[in-house]
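What follows is the residue order along each chain.
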Amino acid sequence: ALGVEWHSAADFLADGLKMSASFSTDNGAAKTDTARLENSWGIGATYVTTAGDTAVTIGGGIADGEIANTGGQSSSDKGGFNLGVSAVTGDLTIGVGYGDGDTFVSTDASAANTEVDGSVLKAGVKYVTGDVTLALGMTAGEAKDSTTLGTPDTTDDSNDSTSASVTYAVASGVSAVLGYTT
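What counts and what doesn't
- As a convention, each chain's residues are numbered from 1 in the sequence order in which they are written.
- Residues qualify for local features only when their pLDDT is at least 70, as the model is predicted, and side-chain atom pairs are given and counted only at 80 or more; totals for whole chains, interfaces and linings, by contrast, use all residues.
- Only hydrogens and water are removed before side-chain values are computed, so all heavy atoms of the structure are retained for them.
- Only DSSP runs of H or I with at least four residues qualify as helices, and only runs of E with at least two residues qualify as strands; both kinds are numbered from the N terminus onward.
- Contact criterion: two residues are considered in contact whenever any of their non-hydrogen atoms come within 4.5 Å of each other.
- Accessibility throughout is a Shrake-Rupley quantity obtained with a 1.4 Å probe, and a residue counts as covered only by protein chains that appear here.
- Only residues whose relative accessible area exceeds 30% and that form no salt bridge are eligible for patches; like-charged ones are grouped when within 9 Å, while nonpolar side chains (Val, Leu, Ile, Met, Phe, Trp, Tyr) are grouped when within 5 Å.
- Any carboxyl oxygen of Asp or Glu that lies within 4 Å of a side-chain nitrogen of Lys or Arg is treated as forming a salt bridge with it.
- Charge convention: Lys and Arg are scored as positive, Asp and Glu as negative, and His as well as the terminal groups of each chain are ignored.
- Note that the charge is assigned to NZ on lysines, CZ on arginines, CG on aspartates and CD on glutamates.
- The pairing test for Phe, Tyr and Trp rings, Trp by its six-membered ring, is centres within 6.5 Å, and the orientation test on the planes gives stacked under 30 degrees, edge-to-face over 60, and tilted for anything in between.
- We call a residue buried when its accessible area falls under 20% of the maximum for its residue type, exposed when it is over 50%, and partly exposed in between, using a 1.4 Å probe and counting protein chains only.

Caption draft 1: Here's a closer look at the overall build of the protein. Helix and strand counts for the protein come out as zero helices and 10 strands. Intrachain contacts of the protein at a sequence separation of at least 6 include 42% that bridge at least 24 residues. Carbon together with sulfur atoms contributes 58% to the accessible area of the protein, which is approximately 11200 Å² in total.

Caption draft 2: Summary view of the environment of serine 165. By the element assignment, serine 165 lies in strand β9 (residues 157-171). Considered as a pair, serine 165 and tyrosine 180 are 15 residues apart in the sequence and their alpha carbons are 6.3 Å apart. Leave out the neighbours within four places in its chain, and serine 165 touches Thr133, Leu134, Ala135, Val177, Leu178 and Gly179.

Caption draft 3: Structural view of a negative patch on the surface. On the surface, Asp100, Glu142, Asp145, Asp156, Asp157 and Asp160 cluster together into a negatively charged patch. Elements supplying a minimum of two residues to the negative patch: β8 (132-146) and β9. When you line up the elements, aspartate 157 lands in strand β9.

Caption draft 4: Region of the structure containing unusual backbone geometry. Despite not being glycine, aspartate 11 shows a phi value in the positive range, around 60°. Within the fold, aspartate 11 resides in the loop between β1 (3-7) and β2 (17-25). One non-glycine residue, leucine 13, lies in positive phi territory at about 65°. Within the secondary structure, leucine 13 sits in the loop between β1 and β2.

Caption draft 5: Expanded view of the packing of aromatic side chains. Taken as a whole, this structure holds two aromatic pairs when the rule is applied. Ring geometry for tryptophan 6 and phenylalanine 12: centres 5.3 Å apart, planes at 70°, overall edge-to-face. On the basis of relative accessibility, which here comes to 27%, the residue phenylalanine 12 falls in the partly exposed class. Residues phenylalanine 81 and tyrosine 98 carry aromatic rings whose centres are separated by 5.9 Å and whose planes lie at 50° to one another, so their mutual orientation is tilted. Of the two residues, phenylalanine 81 sits in strand β5 (residues 78-89) while tyrosine 98 sits in strand β6 (residues 92-106), which places them 17 residues apart along the sequence. Residue tyrosine 98 is classed as partly exposed on the basis of its relative accessible area of 34%.

Below, the structure written as structure tokens:
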């Protein structure tokens, strides 16, 4: 029924800072056994600055959604946050980001929900020299899920990976890539 967004101008309160915020409410329809979004909000910011010859970007945000229903199933809220930093100096780029949150997903046609609490860390580095780009990245993620809403399971599922690649610009618009992921 109501949705409001606000976006700051560039250089809000400080050089290089931008912010955004939003809020929304439901349409007022009657609640049912199936969980639905009651209201949601989010706020985020980016800050861009330089340190010598290095351009640094820092960004982050937080969001939450309240869920409502009237049926026998209980429902947990959805929410989370993220934070990331990247630095670019000449032909070298380094970045790292982290996100954490909780949500629930419908697992079958019976409208049973599964709660999922998870987090992920990603980092990477890229170097460009002439027609060759070297890249290295890693991802580490874990999550807990449970069919008992409001009570996450105690067992972690995880997925970790590392990857590396070499890209050669053969011609305009044509690249050859050799990569490896484990």
